[in-house]
Amino acid sequence: MELTRRDAVAALAALGVGGAAVAGLDRSDWGASGDADARAETVDADRIRETLLAAAEVVYPREVTGIEEFVGAFLEGRLEDPTHATALDETVAKVDELAEAWYGARFATLSAGGRESFLREVGADTADEDPDGTTAERVRYYVVNELLLALYASPTGGELVGIENPQGHPGGMDTYQRGPEP
């Protein structure tokens, strides 16, 4: 199943997140406030994108393709919130710090097996999600769950697990008039 930029926009819409950048609009034409510019100076969006893309490659099911475009577009919308962007940046920095200490390399440069092992070793596979919690809880919240939320809130990702109409996505009259599948 191929994820697209459209899936990312749909997932953002399901979350109630705008996304002028995702929709391809140039915010500079709007006279945007300096908040976004200040965020851009303090948050390493490239490192965040690289890290979440690397994590998605081990968290997402193998049959999913188009991950790079999807994750990049989803992050464009998510990084518009300065509070979320700052917390995500801090979590990604901690991920890289630990990966350097444990594996001698940044998370995104590890092999797929190394990235999967790292996420297990940090405890992200079993931790509860908590944006203000331990490192494991923050990695679960800002990295793993962020990616899973993006995937399963999208129409394509929803189809993957049998959710024909993820929340926020109309399915049309046909969906509601069909009988049960035999």
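- In the nomenclature of an unreviewed UniProt entry, the chain is known as Gluconate 2-dehydrogenase subunit 3 of Natronobacterium haloterrestre.

1. What about the pattern of salt bridges?
Piece 1. Considering all chains together, one arrives at 11 salt bridges under this definition.
Piece 2. As a salt-bridge pair, Arg 138 and Glu 90 come within 3.6 Å of each other at their nearest N and O atoms. In this pair, Arg 138 is assigned in helix α7 (residues 135-153) and Glu 90 in helix α5 (residues 82-103), connecting sequence segments 48 residues apart.
Piece 3. A residue is classified by how much of its surface remains accessible, and Arg 138, at 16% relative accessible area, is buried.
Piece 4. For Glu 116, the salt bridge goes to Arg 120, with nearest N and O atoms at 3.1 Å. Taken together, the positions of Glu 116 and Arg 120, both in helix α6 (residues 112-122) and 4 residues apart, correspond to about one turn of that helix.
Piece 5. Among the charged side chains, a salt-bridge network with shared partners connects Glu 50, Asp 96 and Arg 106.

2. Concerning the side chain of Arg 78
Piece 1. Secondary-structure assignment places Arg 78 in helix α4 (residues 67-78).
Piece 2. For Arg 78, the contacting residues outside a window of four places in its chain are Leu 12, Leu 15, Val 17, His 84 and Glu 146.

3. Focus: α6
Piece 1. Considered for burial, the residues of α6 that qualify are Gly 114, Arg 115, Phe 118, Leu 119 and Val 122. Along the axis of α6, the buried positions cluster into a sector of 135°, meaning they face one direction only.
Piece 2. Residues of α6 that are buried in the fold lie against α3 (45-59), α5 and α7.
Piece 3. Downstream of α6 by one or two residues, Gly 123 has phi in the positive range, about 95°.

4. Structural notes on the nonpolar core
Piece 1. Ranked by size, the top nonpolar core spans 43 residues in total, and within it Leu 52, Tyr 60, Val 71, Phe 107 and Phe 118 carry the most contacts.
Piece 2. Of all elements in the fold, only α1 (5-14), α3, α4, α5, α6 and α7 reach the threshold of two or more residues within this core.
Piece 3. Examining the composition of this core, we find that 8 residues originate from one element, α7, more than from any other.
Piece 4. Ignoring sequence-local partners within four residues, the contact set of Tyr 60 consists of Leu 3, Ile 67, Phe 70, Val 71, Leu 147, Leu 148, Ala 150 and Leu 151.

Cut-offs and rules
Residues numbered from 1 in each chain as written. Predicted model: local features only at pLDDT ≥ 70, side-chain atom pairs only at ≥ 80, totals over all residues. Heavy atoms only, no water. Salt bridge = Lys/Arg side-chain N within 4 Å of Asp/Glu carboxyl O. Helix = DSSP H or I, 4+ residues; strand = E, 2+ residues; numbered from the N terminus. Buried < 20%, exposed > 50% of the residue type's maximum accessible area, 1.4 Å probe, protein only. Contact = heavy atoms within 4.5 Å. Arc of directions from axis to C-beta. Core = buried A, V, L, I, M, F, W, Y, C linked by side-chain atoms within 4.5 Å.

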